[in-house]
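Secondary and tertiary structure notes
Listed below, chain by chain, are the residues.
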Amino acid sequence: MILQALTDYYRVLEQAGKIDAPGWAPVKVSYALLLSENGTLEQVIDIQTEQPRGKKMASAPQILSLPAPVKRTVGVAANFLCDNAGYLLGIDSKGKPQRTRECFEASRSLHEQLLAGVDSPAARAVAAFFRSWDPETAREHPALAEHLEDILSGGNLIFRTLDGYVHRDPSVRRAWDAFYQAEGDGPQGICLVTGQPGPVESVHPAIKNVAGAQSSGAALVSFNAPAFCSYGKEQNLNAPTGKYAAFAYTSALNALLADREHVFRVGDATVVCWARSGERGYQDVFQMFFSDFYDETDLKGLVGALYQGNPVVYDETKLDPSMDFYILGLSPNSARLSVRFFLHNTFGGFLRNVQAHYDRLEIVRPAYDKFETLPLWKLLSETVNQNARDKSPAPDLAGEVLRAVLTNTRYPATLLNGVALRIRAEREVTRGRAAIVKAYYQKLAETTKHENPDIPEEVLQVSLNPDASNVPYTLGRLFSVLEAIQASANPGINATIKDKYFNSAAATPAVIFPILLNLAQKHLKKLRSSNAGLVVFYEKQLTELCSRIGEQYPAHMNLPQQGSFQLGYYCQTQARYQKKEEAKDV
């Protein structure tokens, strides 16, 4: 399914002229070898361009459409018209002269084979160059002196004449296309992607720009050990893919990964997305959904129309909510790639799922919180110790959460466990942690069609529910009031009851709350001399909340009950702060 979707995407891009034709690929090139008509090397031209690197500009290779390079392993394999100095000049800095000579001879043989019947000045110049070039004296050639060190560092070289680049010569291009389309030496078979008979590729082109993978590229389809093979087949013959399909899916995926504006990271996964139509507007809107700017009014209106099933116009492109949309997450695995997830739905379907996720996360937010909606990275950061050197969430957790969001399924239990651990360790219920607890249990109840009595719907509200009768929720509210009483009686105190008793109060309230209530009476006595009206206010709150709890406190509370406690504490605390903000505004 992945290869079929990518191959279809390639066809769309090729028809629109947005991607190279079969046999051609974007390649980074640093220098051009200027040849005379008789094949003499006249000059080495630096064709690197100035590109931004952070706040500075730096020279970087130019990307040109060239004959598709081969995928190299440990053997010698030459490329046509573009390669490093070891292949085109017979010199390098690797200290293996015999192998370097073999590389040059392989390149000479390939170019002589392809250009033998081509009658054009450019083809004759390249053929003459290979006939006359002597690698033994190459380092002393005057044309190489200025850039020799950079050339030996491994950058790609191409050929050109006074008439232009050789790879743009029509006769040379026809010769390469004929060579590429000719049947290879691979066995014949039925392509699993297209269903067409033809030669099967044993090694597929490399996939580049996946974070953490080898810079030279990694394989999406790979069989590198006998344990993975069947029926005596070797390498990728175990998953027969035709030459066209292998080129198409790798070209499409490399194009997606090279488009840095539409690639994002989730844990160790590099995520790309595309619409079947190939229009970039779908990618733009989808990525905005996960950005920090989703709360902008115009974007919310546009997305709202889409997930309700109405087409909209974005950046002069009509976006259809019924358009097929694909999301692929890839993780590095040595020389190969692991598929973290591959999802297919309509564009509107994905947007509806993400919006449902945001609705579940909605909870009262502090005045200082700038995020109207919690982006995914912010959500995952709530499971990580922010004082640690590595603040990255667990790779598996990040992928599982994104999958749950996009498919509108249950959140992983590891997300709730991670938040519970951070609350216990830091004794802090942040907006993000409270939102995760609320969203997790809401989705669990929706999926199982059964309300958990330990954390019922009356607890899972956006803001404080003063009418809730749930005992753990009320205990959380009571703890917040007790904390406020202590803060009023002892402003600026270093160690509060939250620092000492929060975890134990949530786990064993029968042991802790009598101690806290006794302590609160002492704080109220101290406060009565300075602010009797505030004491009356607190006593009313204590009386109301204690009456809801009953005569006995729970001896122990399980994890869902502790979630209710945490939500009650958070909502009561935010209600107190909101009243202070309203008083300031007045």
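Residues numbered from 1 in each chain as written. Predicted model: local features only at pLDDT ≥ 70, side-chain atom pairs only at ≥ 80, totals over all residues. Heavy atoms only, no water.

Looking only at helices and strands, the protein chain features 19 helices and 17 strands. For 586 residues, the compact-globule formula gives about 25 Å, and the C-alpha radius of gyration of the protein chain, at 33 Å, lies well above that figure. Projected onto its principal axes, the C-alpha coordinates of the protein chain cover approximately 105 × 50 × 50 Å. For the protein chain, the share of sequence-separated contacts (at least 6 apart) that also reach a separation of at least 24 residues comes to 67%. Within the structure as shown, the protein chain displays about 28500 Å² of accessible surface, and the carbon and sulfur contribution to it stands at 50%. The protein chain carries 61 positive and 63 negative side-chain charges, and their two centres are separated by 7 Å. (Helix = DSSP H or I, 4+ residues; strand = E, 2+ residues; numbered from the N terminus. Rg over C-alpha atoms; globule rule 2.2 N^0.38 Å. Contact = heavy atoms within 4.5 Å. Areas by Shrake-Rupley, 256 points an atom, 1.4 Å probe, with all protein chains shown as cover. Lys, Arg positive; Asp, Glu negative; His and termini not counted. Charge placed at Lys NZ, Arg CZ, Asp CG, Glu CD.)

On to a negative patch on the surface. On the surface, a cluster of negative charge is made up of D46, E146, E149 and D150. Residue position: D150 is located in helix α5 (residues 148-152). We classify D150 as partly exposed; its relative accessible area is 41%. (Patch = residues over 30% accessible without salt bridge, like charges linked within 9 Å, V, L, I, M, F, W, Y side chains within 5 Å. Salt bridge = Lys/Arg side-chain N within 4 Å of Asp/Glu carboxyl O. Buried < 20%, exposed > 50% of the residue type's maximum accessible area, 1.4 Å probe, protein only.)

Along the chain, W274 turns up in strand β13 (residues 269-275). Sequence-wise, W274 and L6 are 268 residues apart; in three dimensions their C-alpha atoms are separated by 9.2 Å. With residues up to four places along the chain from it excluded, the contact list for W274 reads A5, L6, Y9, L256, Q283, D324, F325, Y326, L328 and F342.

Let us look at the packing of aromatic side chains. Per the stated rule, a full pass over the model turns up 31 aromatic pairs. Between F479 and F502, the aromatic rings sit 5.5 Å apart at their centres with planes inclined by 85 degrees, giving edge-to-face as the arrangement. Of the two residues, F479 sits in helix α15 (residues 471-489) while F502 sits in helix α16 (residues 497-507), which places them 23 residues apart along the sequence. Feature note: the residues Y10, F80, W176, F179, Y180, Y244 and F247 constitute an aromatic cluster, connected by ring pairs. Stacked on the ring of Y165, the Lys or Arg R160 has its end atom at 5.0 Å from the ring centre. Lying across the ring of Y180, K243 places its NZ or CZ 4.5 Å from the centre. (Phe/Tyr/Trp six-rings, centres within 6.5 Å; stacked < 30°, edge-to-face > 60°. Lys NZ or Arg CZ within 6 Å of the ring centre and 35° of its normal.)

Before going further, it helps to examine the environment of A246. Mapped onto the fold, A246 is located in helix α7 (residues 243-258). According to the relative accessible area criterion, A246 is buried, its value standing at 0%. In sequence terms A246 and L402 are 156 residues apart; their C-alpha atoms lie 29 Å from each other.

As a further point, take the confidence of the model for the protein chain. Here the protein chain shows a mean pLDDT of 89. Residues at 70 or above account for 96%. Scored below 50 in pLDDT, residues 582-586 shows zero contacts in the model against residues more than four places distant or in partner chains. (pLDDT = per-residue confidence, 0-100.)

What follows covers unusual backbone geometry. Backbone geometry places N408, a non-glycine residue, at a positive phi of 55 degrees. Locating N408 in the fold gives a position in the loop between α12 (395-407) and α13 (413-426). Its identity is not glycine, yet K449 carries a phi of approximately 55 degrees, on the positive side. Looking at the secondary structure, you find K449 in the loop between α14 (431-448) and α15.

Time to look at the side chain of E483. For E483, the location among the structural elements is in helix α15. Of the side chains with opposite charge, K498 lies nearest to the buried E483, which makes no salt bridge, at 4.2 Å.

Interhelical geometry of α15 versus α16 gives an angle of 165 degrees and a closest axis separation of 11 Å. As the angle between them shows, α15 and α16 are arranged roughly antiparallel. The element α15 and its partner α16 pack so that their crossing is right-handed. Contact with α15, carried on its side by F479, L482, E483 and Q486, involves I497, K498, Y501, F502 and A505 of α16 and no other residues of that element. (Axes fitted to C-alpha atoms, helices over the stretch in contact; angles between N-to-C directions. Parallel < 35°, antiparallel > 145°, perpendicular 65-115°, else oblique. Left-handed = near helix turned anticlockwise from the far one by under 90°.)

Spatial ordering of the open sheet is given by β12-β13-β16-β17, a layout of four strands whose pairing is antiparallel. At either end of the open sheet lies a strand with only one pairing partner, and these are β12 (264-266) and β17 (336-346). Neighbour to neighbour, the strand axes of the sheet diverge by 30 degrees on average, direction disregarded. Where strand β16 (residues 324-333) and β17 come together, ten bridges link them in antiparallel fashion. Across the sheet, S331 pairs through a bridge with S338, a residue of β17. (Pairing = 2+ DSSP bridges.)

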